[in-house]
Amino acid sequence: MSLTGTPFLYTLIVLFAVALILPLVLWSRMRGPKALRAAARMLMLLFAQGTAVALVFVLVNNANSLYDNWADLLGTGNHVQQAANLGADGTGGIALKRLPKVKQDFTAASGPGMRGVRETQLKGRVSGVNAEVYVWTPPQYDEARYKNHKFPVVELLPGYPGSAKAWFGSLHVIRELEPLMRSGQVAPFILVAPRTNLLASIDTGCANIPGTVNADSWLSIDVPKMVMDNFRAEPAPRGWATAGYSAGGHCAVKLAVAHPDRYMGAISFSGYNDPIGERNSLASQNPTVRAENNPYLLLKKQFTPPRIALYMSGQPHDGYEAAVGLEQIAKAPTTVHVVFIPKSAGGHNMALWRPQVVPAFRWLSLEMGQHRARLGGTTPREPSTGGSTRAALASGTASRAGVGRKP
């Protein structure tokens, strides 16, 4: 029975109801020795408490997409087949353009918010990772007049722990963006959500660690190649961006800063720069690896500023300082758009990040359009760049999110 499935949830609800009724019906009707009656009553109480805890856990898990299946919850899942030393660029010296095309079979994905999402099991030829990837195409993708168009892509990254389905199920990204894509207010992005929980009970930090995991190469090489080989996706970097929250926000920015040849931008909600922000991260356990995966240090030491755009939102002591740090050291053509969120807006959870989806993707639509204009090329139904949208972005405000740039 699936951990996140409706049958399991309903089973727990029934068991919890039974656990409440049993003591009411049987408590005073117990027969037998005193010790036996006490033991039976204790078991009923434990049963009631156990079902209550299990039900609350499942409700919280389903709402926040923390664990996708039993293997993730129990720490028995391992999606790494091999982890060779791939060098500084994560390619292992492989000529990527010479690799044969990756042809994948896709099936309809299931779960809340997954309408229209397709799923495939990808064996990464470079990274050695074997895991699922979810892909959603925008409404224009199947329209006859756009049959020869290529579309921009955003890789969606969850926090830790977090399911690859989180952006669809918990952040409602399709429900929020699809109408805006149809009306041309947001660019028609292909949304790609790869698994990031690759090892049992530990965060990879989106890092390449020889002998352990090549998470960076999985996300920045294997997944993009598969998407471009199977869908009408724009080439990197002009048509590619990343987006994440919490640990996924750190990952999104790190990938863009480290690989401006693969991404033109990134969105981060409540992310951090230093990998120690997630103490269960592999990237935080070694000083060298920690420095190599800190976007602040990476950006600071780059001799030529990369042509990337970063959208970073956060609250005090939860992402805001990291965003300001990058903003302060960024030099043209690197741009950093910082959005301050007051503590009164809520805590480090989906309720805080969900209202930020639309403003962030509006920003990305504009940035990607400007980036594409500099490099040449067009995308169908570019979003409107009217004064109201530009003014909101310039002031750092976003009415849907109820946030603004700190004065």
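As the structure is a prediction and not an experimental result, all values here were calculated from the model.

Cut-offs used in this document
For every chain, the first residue of the written sequence is number 1, and numbering continues from 1 onward in sequence order. Two thresholds apply to this predicted model, a pLDDT of at least 70 for residue-level local features and 80 or more for giving and counting side-chain atom pairs, whereas whole-chain, interface and lining totals are computed over all residues. The side-chain quantities take in all heavy atoms of the structure and omit both hydrogens and water. Patch rule: a residue counts if its relative accessible area is over 30% and it has no salt bridge; like charges are joined within 9 Å, and nonpolar side chains (Val, Leu, Ile, Met, Phe, Trp, Tyr) within 5 Å. Per-residue and other accessible areas follow the Shrake-Rupley method at a 1.4 Å probe size, with only the shown protein chains counted as cover for residues. When a carboxyl oxygen of Asp or Glu is within 4 Å of a side-chain nitrogen of Lys or Arg, the pair counts as a salt bridge. For each residue, the accessible area found with a 1.4 Å probe, counting protein chains only, is set against the maximum for its type, and the residue is called buried under 20%, exposed over 50%, and partly exposed in between. Here a helix means four or more residues in a row that DSSP labels H or I, a strand means two or more in a row labelled E, and each is numbered from the N terminus. The length a helix should cover is 1.5 Å for every residue beyond the first. At least two DSSP bridges between two strands are required for those strands to pair. We call two residues in contact whenever any of their non-hydrogen atoms come within 4.5 Å of each other. Residues grouped as a nonpolar core are buried Ala, Val, Leu, Ile, Met, Phe, Trp, Tyr and Cys residues, joined through side-chain atoms within 4.5 Å. What counts as a disulfide here is a pair of cysteine sulfur atoms lying within 2.5 Å. Only the contacting stretch of a helix is used when fitting its axis, a line to C-alpha atoms as for every element, and angles between N-to-C directions run 0 to 180 degrees. Here the word oblique covers every angle except those under 35 degrees (roughly parallel), over 145 (roughly antiparallel) and from 65 to 115 (roughly perpendicular). When the near helix sits turned anticlockwise from the far one by under a right angle, the crossing is termed left-handed; a clockwise turn instead gives a right-handed crossing. Under the convention adopted here, Pro, Cys and the residues Ala, Val, Leu, Ile, Met, Phe, Trp and Tyr are nonpolar, Asp, Glu, Lys and Arg are charged, and Gly plus all remaining residues are polar. The rule is short: rings of Phe, Tyr and Trp, with Trp giving its six-membered ring, pair when the centres are within 6.5 Å, and they are stacked under 30 degrees, edge-to-face over 60, tilted in between.

Asks: If you had to explain a nonpolar patch on the surface to someone new, which residues and values would you point to?
Replies: Side chains of L20, I21, L24, V25 and L26 sit close together on the surface and give an oily, nonpolar patch of about 470 Å² of accessible area. For V25, a relative accessible area of 36% puts it in the partly exposed group.

Asks: Could you give an account of the pattern of salt bridges, with specific residues and numbers?
Replies: Any two side chains of opposite charge can pair, given that their charged atoms come close. Tallied over the entire structure, the rule returns nine salt bridges. The residue E234 makes a salt bridge to R238 at a minimum N-O spacing of 3.8 Å. By relative accessible area, E234 is classed as buried at 2%. Assessed through its relative accessible area of 25%, R238 is described here as partly exposed. D261 is paired through a salt bridge with R262; the nearest N and O atoms lie 3.9 Å apart. One connected set of salt bridges, linked through shared partners, spans R115, E178 and R182.

Asks: So what about helix α7 (residues 247–258)? Which residues, and what values?
Replies: Between its terminal C-alpha atoms α7 stretches 16 Å, which fits the 16 Å expected from 12 residues at 1.5 Å a residue. With 11 of 12 residues buried, α7 is to be regarded as a mostly interior element. Turning to α7, its buried residues are A247, G248, G249, H250, C251, A252, V253, K254, L255, A256 and V257.

Asks: Help me get a handle on the sheet that holds strand β5 (residues 190–194), residues and values and all.
Replies: Sheet architecture is open: nine strands sit in the order β1-β2-β3-β5-β4-β8-β9-β10-β11, paired in mixed fashion. Of all strands in the sheet, those with a lone pairing partner are β1 (107–108) and β11 (335–340), marking the two edges. Note that strand β4 (residues 153–157) and strand β8 (residues 240–245) share five bridges and pair parallel. Paired with L156 across the strands is A243, a residue of β8.

Asks: Quick rundown of the environment of W353? Include the residues and the values.
Replies: In this fold, W353 is placed in helix α11 (residues 350–353). Looking at W353, the relative accessible area reads 3%, which means it is buried. Considered as a pair, W353 and S270 are 83 residues apart in the sequence and their alpha carbons are 8.3 Å apart. Not counting chain neighbours up to four residues away, the residues in contact with W353 comprise L171, Y245, S246, F269, S270 and H348.

Asks: Residues and numbers for the nonpolar core, please.
Replies: One broad rule of soluble globular proteins: the nonpolar side chains tend to lie buried together. Core analysis: the biggest nonpolar cluster contains 54 residues, and V133, I190, V192, L198, W218, V227 and L310 have the highest contact counts within it. Setting aside anything within four residues of it in sequence, one finds L310 in contact with V253, A256, V257, A266, L326, T335, V336, H337 and W363. In terms of nonpolar packing, the next biggest core, distinct from the first, is built from 42 residues, M114, A166, L171 and F189 among them.

Asks: Describe the state of the cysteines, with residues and values.
Replies: Per the stated rule, a full pass over the model turns up one disulfide. Disulfide pairing places C206 opposite C251 at an S-S distance of 1.8 Å. Note on the C206 and C251 pair: the S-S dihedral is about -105°, so by sign convention the disulfide is left-handed. Of this pair, C206 sits in the loop between β5 and β6 (208–209) while C251 sits in helix α7, placing them 45 residues apart in sequence. Assigned by exposure class, C206 and C251 land together as buried.

Asks: Quick rundown of the packing of helix α6 (residues 215–230) against α7? Include the residues and the values.
Replies: Interaxial distance between α6 and α7 falls to 11 Å at its minimum, and their mutual angle equals 65°. In terms of axis orientation, α6 runs roughly perpendicular to α7. Helix-helix and strand crossings are classified by hand; for α6 and α7 the assignment is right-handed. Within the contact between the two elements, α6 uses D216, L219 and S220 and α7 uses C251, K254 and L255. Its residues placed into classes, the contact of α6 with α7 shows three nonpolar, one polar and two charged.

Asks: Go over the packing of aromatic side chains with me, naming the residues and quoting the values.
Replies: Within this structure, the stated rule accounts for 10 aromatic pairs. Measuring from centroid to centroid gives 5.4 Å for Y141 and F151, while their planes differ by 45°, and the two rings are tilted. In this pair, Y141 sits in the loop between β3 (130–136) and β4 while F151 sits in the loop between β3 and β4, placing the two residues 10 residues apart along the sequence. Of the two residues examined, Y141 and F151, each falls in the buried class. Taking 6.4 Å as the distance between ring centres and 70° as the angle between the ring planes, the aromatic pair formed by W167 and F361 counts as edge-to-face. Separated by 194 residues along the polypeptide, W167 in helix α4 (residues 166–169) and F361 in helix α12 (residues 357–375) bring together distant segments of the chain.

On their own, these measurements won't tell you what the molecule is for.
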